[in-house]
Number of protein chains: 2
Amino acid sequence: MQFRSHQLENGLEVIAECNPQAYSTAISYFVRTGARDESAPVAGVSHFLEHMVFKGTESRSAEDVNRELDELGSQSNAFTSEEQTVYYCTVLPEYQLPALNLLTDVMRPSLRQDDFDMEKQVILEEIAKYADQPPFGAHEMALALHFGDHPLHHSVLGTTESVSALSRDQMLEYFNRQYSPGNLKLVLAGNVDFDAVVDQVERDTKHWTPFDVTRDTPRAVGTGDCKFIRKEMAALDYTIQLYDGPSATDPTRYAGRVMSTIFGDDNGSRMFWEFIDTGKAEYAVLESCEYQGTGAFLSYLCCQPSQYDANIQRIAEMLADLNETGITNDELELALSKICSHIVLQSERPASRMFSVGANWLQRGTYHTVRETIDQYKAVTRDDIQNLLTQFKLDRPTTVSVGPKK
Amino acid sequence: MQFRSHQLENGLEVIAECNPQAYSTAISYFVRTGARDESAPVAGVSHFLEHMVFKGTESRSAEDVNRELDELGSQSNAFTSEEQTVYYCTVLPEYQLPALNLLTDVMRPSLRQDDFDMEKQVILEEIAKYADQPPFGAHEMALALHFGDHPLHHSVLGTTESVSALSRDQMLEYFNRQYSPGNLKLVLAGNVDFDAVVDQVERDTKHWTPFDVTRDTPRAVGTGDCKFIRKEMAALDYTIQLYDGPSATDPTRYAGRVMSTIFGDDNGSRMFWEFIDTGKAEYAVLESCEYQGTGAFLSYLCCQPSQYDANIQRIAEMLADLNETGITNDELELALSKICSHIVLQSERPASRMFSVGANWLQRGTYHTVRETIDQYKAVTRDDIQNLLTQFKLDRPTTVSVGPKK
């Protein structure tokens, strides 16, 4: 396993975790752009653009892109979040250069008006479908309520209104503002021929012009507001609560994840034994969400409406107790064993390593081996958890609940 | 990569694909039992029993099982199909022996009446939930209609009636008839200490008494019947069609899979370009389903009700054309490249290899390396496809369609 990195003249960084033993090569472009970089009138443009990227370039039609990905036997996809847009594929090592050529080409999409109009319908259907599924938008509404006028309040999908009103020119303007070579990272893992990759991508991106991209990353303070939404077709109550938490560069984030595992993992945590094992809730977890400049803890409770009041009350009591008496050594040991085991089990596929290495590079500009990541967690002590809880008291949640009787 | 196998005195076979380089150990019990081994009054018992297996043994409560799996940092689960029930977990290599001890212990579950009554509610909810999701039972109804009185006509989940009426004694009777050590295979992959595994499992299964288990595996001839079911809440038509196809031991099954990829893969196939790329359907695939003694090709079409007639007509025409003019060399080459690439990409995790090695052993009693499997596919010629189509004409589908206007 060898880490390699190189920056091209146009600003594009190429990084790779090379493992000559691997049976596959995972290739991705991480773009530092997402819902938080959108203005309200173009909400949803990052995600819509992600779809348009596969609709062809100057030299390739949408059919060409589709057929070539298929001919390379690749497994490919993309996703958009608040902070990043990621395009990726996995191929056999002998196809890494043609696959890279294709993936690089689509990073400069044509955004043809016809394709734009057709794909808009696909996005609108996706929004409609999403709104009809549990938790019925509770997640997006909770982020919006918690973050107030902070950039992180935007929904990734956008709204039916914003996407309907979006023009092809607005998307092009967004693309021209965000997709600078310096704002993209080419991230590879597995069986990578790094020198050949750099050579080829240098040629293939010669015409990419660099420009400055900025992002505001202020610290957010959650509003602590409450909102209840009635959804008659729902059988259960779906509740999201958000608390302030460590940011993506805050060293206490490791303690934050250990605490989340102890308190709110989906199996074997305090919430599991209190709510799931006893049948008081269908689902109950707490997790850490780290962003650039700010962060949050998010709890998700799904239960019968009749049990809502008691459960919400109980979560508050359990958090107060956590703050007062901390965690036990046994809890710490079990959590570390779970976290480290999952990190190793996840690391076996080059594609998984690519996501981990890419996210780390995009958020912090650093590279960690699996071993180094594990060591960071193993260094967490009970005192670290106590310090975390002094800094983030988890006593002032922003709450959004959707249910049949709200 | 080394293949090892050993049969214990009680009949239990232990097989493993050992890779000392792997970061994890995947452990599973493959049980040769499923819906096809059920009589009508106990329909669903295999799947219900799969749930009960995690509810504890003589020496472990349900909480113990849950907690220990967690302490081992394992990723574990189980599934039931027409022909097999599989229990598995993945752990770090240093935990393979305690994880194996746990997994072996739960293969002799207590089936306590209290747990049985509680879990029955979970199963009934699962059946209700499943019935409310697309394709609204079309899959199970199509199998039932196609297979007539053949054992494969049973639904894996069973029905609300059969599960409600099921008693704990009936489940015990089924367990005592099916879970003979000779009917189980212990399958491992990844970083396996094979000798230590055999030693331990020999000790841990000393009290397992062998007995004979039989299964009828007659060839089925599809009924070719049609059935339309009205479901007002559905927005689209969901249609399953079944045709006779090669069995799990039929050498033409490789040609069957290549043909399915060319005709009905979810990307880049004839059906893809005809229905998906043009927007005539939301989803349209054809795949090969191989069972012991018999087999089928299954097509799944999901489209607007207004497009149903034309689409179904078109599928029949396309199959007739396939039968008449066969496939092209380009199609064959593309399909082989896709299939082989996916086999390699899937093989990277020990857990994936375990599923592949285990299924192959259970269905055919043979072991193939990744290389050997690929070579089997690469040997398929256009003549093989023609011979397949002479044997299985794909001209007499059994059809079940569920939609709002049926």
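Definitions and limits used
- Residues numbered from 1 in each chain as written.
- Chains lettered and ligands numbered in written order.
- Predicted model: local features only at pLDDT ≥ 70, side-chain atom pairs only at ≥ 80, totals over all residues.
- Heavy atoms only, no water.
- Helix = DSSP H or I, 4+ residues; strand = E, 2+ residues; numbered from the N terminus.
- Rg over C-alpha atoms; globule rule 2.2 N^0.38 Å.
- Contact = heavy atoms within 4.5 Å.
- Lys, Arg positive; Asp, Glu negative; His and termini not counted.
- Charge placed at Lys NZ, Arg CZ, Asp CG, Glu CD.
- Buried < 20%, exposed > 50% of the residue type's maximum accessible area, 1.4 Å probe, protein only.
- Domains from an automatic or database assignment.
- Buried area = accessible area lost by both parts, 1.4 Å probe.
- Salt bridge = Lys/Arg side-chain N within 4 Å of Asp/Glu carboxyl O.
- Least-squares fit on C-alpha atoms with pLDDT ≥ 70 in both.
- 1 Å grid on protein atoms, 1.4 Å probe; cavity = no way out; pocket = protein on both sides within 12 Å on 5 of 7 lines; lining within 4 Å.
- Points joined across faces, edges and corners; volume = space filled by probe spheres on them.
- Nonpolar A, V, L, I, M, F, W, Y, C, P; charged D, E, K, R; others polar.
- Phe/Tyr/Trp six-rings, centres within 6.5 Å; stacked < 30°, edge-to-face > 60°.
- Lys NZ or Arg CZ within 6 Å of the ring centre and 35° of its normal.

## Observations concerning the overall build of chain A
- Within chain A, the regular secondary structure consists of 15 helices and 11 strands.
- Its C-alpha atoms give chain A a radius of gyration of 22 Å, within 12% of the compact-globule value 22 Å for 406 residues.
- Taking the intrachain contacts of chain A between residues at least 6 apart in sequence as the baseline, contacts between residues at least 24 apart amount to 82%.
- Here chain A holds 36 positive side-chain charges and 60 negative ones, and the gap between their average locations is 2 Å.

## Topic: helix 8 (residues 194-204) of chain B
- Within the span of helix 8 of chain B, buried status applies to B:F194, B:V197, B:V198, B:Q200 and B:V201.
- Buried positions along helix 8 of chain B lie against strand 1 (2-7), strand 2 (13-18), strand 3 (25-31), helix 3 (96-106) and strand 6 (184-190) of chain B.

## As for the domain arrangement of chain A
Residues and elements named next belong to chain A.
- Looking at chain A, the domain boundaries give domain 1 (2-204) and domain 2 (226-403).
- On the domain 2 side, the residues contacting the 40 residues of domain 1 number 35 residues.
- Together, the buried faces of domain 1 and domain 2 total about 3,200 Å²; carbon and sulfur atoms form 74% of this surface.
- Taken together, the connections running from domain 1 to domain 2 amount to 1 salt bridge.

## Here we look at the environment of A:V370
Residues and elements named next belong to chain A.
- For V370, the location among the structural elements is in helix 14 (residues 370-378).
- Here V370 falls in the buried class, since its relative accessible area comes to 19%.
- Not counting chain neighbours up to four residues away, the residues in contact with V370 comprise I343, V344, S347 and R353.

## Considerations on the relation of the copies chain A and chain B
- Laying chain A over chain B is done by rotating through 180 degrees and shifting 0.0 Å along the axis; what remains is an RMSD of 0.0 Å. The relationship between the two copies is best expressed as a two-fold rotation axis. Distance from the rotation axis, computed per C-alpha, reaches its smallest value in chain A at A:R349: 3.3 Å.
- Same-surface contact between copies: 97% of interface residues of chain A are shared with the interface of chain B.

## Here we look at empty space enclosed by the protein
Residue and element names in this part refer to chain B.
- Taken as a whole, this structure holds 1 cavity of 30 Å³ or more when the rule is applied.
- Around the largest cavity sit R32, E83, Q84, R215, Q292, L362 and Q363, which together line it.
- Of the residues belonging to the lining of the largest cavity, the class tally is 1 nonpolar, 3 polar and 3 charged.

## A word on helix 5 (residues 138-147) of chain A
Residues and elements named next belong to chain A.
- Considered for burial, the residues of helix 5 that qualify are A138, A142, L143, L145, H146 and F147.
- Where helix 5 is buried, its residues contact strand 7 (226-230), strand 8 (237-244), strand 10 (295-303) and strand 11 (398-403).
- Following helix 5 by one or two positions, G148 adopts a phi angle in the positive range, close to 55 degrees.

## A word on the packing of aromatic side chains
- Summed over all chains, the structure comprises 30 aromatic pairs over all chains.
- Ring geometry for A:F79 and A:F355: centres 6.1 Å apart, planes at 55 degrees, overall tilted. Remark: A:F355 occurs in helix 13 (residues 350-364) and A:F79 occurs in strand 4 (residues 75-80); sequence separation between them is 276 residues.
- Look at A:F79 and you get partly exposed, because its relative accessible area is 32%.
- With a centroid separation of 5.0 Å and an interplanar angle of 85 degrees, the aromatic rings of B:F272 and B:W273 are classed as edge-to-face.
- On the basis of relative accessible area, B:F272 is assigned to the buried category, the value being 7%.
- B:W273 gets classed as partly exposed once you look at its relative accessible area, which sits at 29%.
- Connected via pairs of aromatic rings, a cluster forms that spans A:F3, A:W361 and A:Y367.
- It is A:R108 that lies over the ring of A:W208; its NZ or CZ is 4.1 Å from the centre.

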